[in-house]
Amino acid sequence: MSNVSPEQLPFGRQSIDQDDIDAVVQVLRGDWLTTGPAVEQFEAALSAWAGAPTVAVTSGTAALHTAYAAAGIGKGSEVVTSPMTFVATAATASMLGADIVFADVEPDTANLDVGAVEALVSGRTAAITGVDYAGHPVEVDALRALAHSHHALFIEDAAHSVGSRWRGEPVGSLADLTTFSFYPTKNFTTAEGGAVASPNPQLLDRARHFRNHGLVRDRSVQRTPDVGGWHQEVHELGLNYRLPDVLCALGLAQLRKLGRFKQRRKQIVAAYNTAFASVAEVATPPCREQADPMWHLYPLRVLDGRRRGLYDALRSAGILVQVHYVPVHWHPAYADLGYIRGMCPHAEAFYEQQLSLPLFPGMGDHDVDRVIDAVTRFFQRG
Ligand SMILES: *Cc1c(COP(=O)(O)O)cnc(C)c1O
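Scope of this entry: the structure provided in the associated data block. Quick caveat, the model's predicted, so the values are computed rather than measured.

Rules used in this analysis
- Residues numbered from 1 in each chain as written.
- Predicted model: local features only at pLDDT ≥ 70, side-chain atom pairs only at ≥ 80, totals over all residues.
- Heavy atoms only, no water.
- Helix = DSSP H or I, 4+ residues; strand = E, 2+ residues; numbered from the N terminus.
- Rg over C-alpha atoms; globule rule 2.2 N^0.38 Å.
- Buried < 20%, exposed > 50% of the residue type's maximum accessible area, 1.4 Å probe, protein only.
- Contact = heavy atoms within 4.5 Å.
- Salt bridge = Lys/Arg side-chain N within 4 Å of Asp/Glu carboxyl O.
- Axes fitted to C-alpha atoms, helices over the stretch in contact; angles between N-to-C directions.
- Parallel < 35°, antiparallel > 145°, perpendicular 65-115°, else oblique.
- Left-handed = near helix turned anticlockwise from the far one by under 90°.
- Near = heavy atom within 4 Å.
- Polar contact = N/O pair within 3.5 Å; in protein donor to acceptor, adjacent residues only side chain to side chain.
- Areas by Shrake-Rupley, 256 points an atom, 1.4 Å probe, with all protein chains shown as cover.
- Nonpolar A, V, L, I, M, F, W, Y, C, P; charged D, E, K, R; others polar.

### Some thoughts on the overall build of the protein chain
Thinking step 1. Across its full length, the protein chain holds 13 helices and 17 strands.
Thinking step 2. In terms of overall dimensions, the protein chain is globule-like: its C-alpha atoms have a radius of gyration of 22 Å, near the 21 Å expected for 382 residues.
Thinking step 3. In terms of principal-axis extent, the alpha carbons of the protein chain reach across some 80 × 55 × 40 Å.
Thinking step 4. Counting across all 382 residues of the protein chain, residues that qualify as buried make up 56%.
Thinking step 5. In the protein chain, 71% of the contacts between residues at least 6 apart in sequence involve partners at least 24 apart.

Have a look at this one:
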């Protein structure tokens, strides 16, 4: 045995090439650091992937906050969503004053269960927010129809699934509002960053205003347009969630590679699926017929109760697996509001078994083999 500690293999990481660096440096040498030409270029390139117009913002969290604000979510609104997500999906609606209703997930995909949502929607439901867990789209058609039949909006938290498709249609074009994240571990990166996509011009316009303090510069809708060229008005309050030119240039360079990233992620997922098909103690992630995921996570499920043991063994071998996610209603901030353990049994059982294996486009075949060997050896040892 070598006593040189092996190179660490994270569950996800960015792929940055020279062309990404050049794109950023070029903006740094130019006239605009914040709102310049790269913002609209990035939004246009992203829209081509999303199949709908987009508004770039500073993070996936900002995108959710902006989407909920655009949807008019506030005090008295109910938002029905999944507990099998990062806390921001619910927290951003809570911070606007909404009440969160957690609906359980499908036991295999960990995506919102349509029947569970159906049992919980009411006249107070303002939005149903699906989360494309691991990059696999939610049951888009059923959830959108359910939302619309209750005069609510269907929102898709697509932090994991930029580049995914459902029935051949791109994620971004399917929901009333879709949110993306460009954090380094996600499908492509702008360091921090995110976006809102919407095929609905009114909703997207509200998102665009919320991103920039609610400032109205269009003279045709100003209340007092004739006071001078400097004049601008705020009609509805907003925040500064503008994604700077420097980061949009990085995003633009990254988007040119998204197709390649998707292919590589697919290859790695296929290699894992094949290798683990014969390991009785684990379950591999399913894929619905309508789905063409850009896999963000590889959620392995450990069926024999030894998730903690596998986590510790892989971590000490330098394979930095992660668990996604602690059910949102288990966090003390929500538990203190009265949400109880046991209310979403499928999500909770999924959490107890889940382990995210390394998955990112920069992984070589030897990295994939190293993970497969470590996992299979753990179960062979018994
Ligand atoms: C990453 C993530 C977010 C938040 O995105 P940030 O860019 O980190 O703010 C929201 N929802 C889900 C499901 C995520 O994975």
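The discussion continues.
### Structural notes on the pattern of salt bridges
Thinking step 1. Applying the stated rule across the entire model yields 17 salt bridges.
Thinking step 2. Note that Lys257 and Asp19 form a salt bridge whose closest N and O atoms lie 3.1 Å from each other. Here Lys257 is found in the loop between α8 (245-255) and α9 (258-276), whereas its partner Asp19 is found in helix α1 (residues 18-28), with 238 residues between them in sequence.
Thinking step 3. Here Lys257 falls in the buried class, since its relative accessible area comes to 2%.
Thinking step 4. Via salt bridges that share partners, Asp17, Asp19, Asp20 and Lys257 belong to a single interconnected network.

### Thoughts on the packing of helix α3 (residues 60-70) against helix α7 (residues 201-211)
Thinking step 1. Between α3 and α7, the least distance of the axes is 8 Å, while the angle of their chain directions is 125°. It follows that α3 is oblique to α7 by the angle criterion. The two elements α3 and α7 meet at a crossing, and its hand is right-handed. Here His65, Thr66, Ala69 and Ala70 of α3 come into contact with α7, specifically with Leu203, Arg206, Ala207 and Phe210.

### Points about the site of the ligand
Thinking step 1. The full set close to the ligand counts 15 residues, and Gly60, Thr61, Asp157, Ser181 and Lys186 are the nearest of them.
Thinking step 2. Side-chain polar atom of Thr61 to an oxygen atom of the ligand: 2.6 Å apart, as the coordinates give it.
Thinking step 3. Isolated, the ligand exposes 380 Å² of accessible area, and the fraction of that covered by the protein chains is 92%.
Thinking step 4. A total of 3 residues in the shell around the ligand trace back to one element, the largest contributor, which is α3.
Thinking step 5. Residue composition of the shell around the ligand, grouped by class: 5 nonpolar, 8 polar and 2 charged.

Spatial relationships are all this shows, so hold off on functional conclusions.
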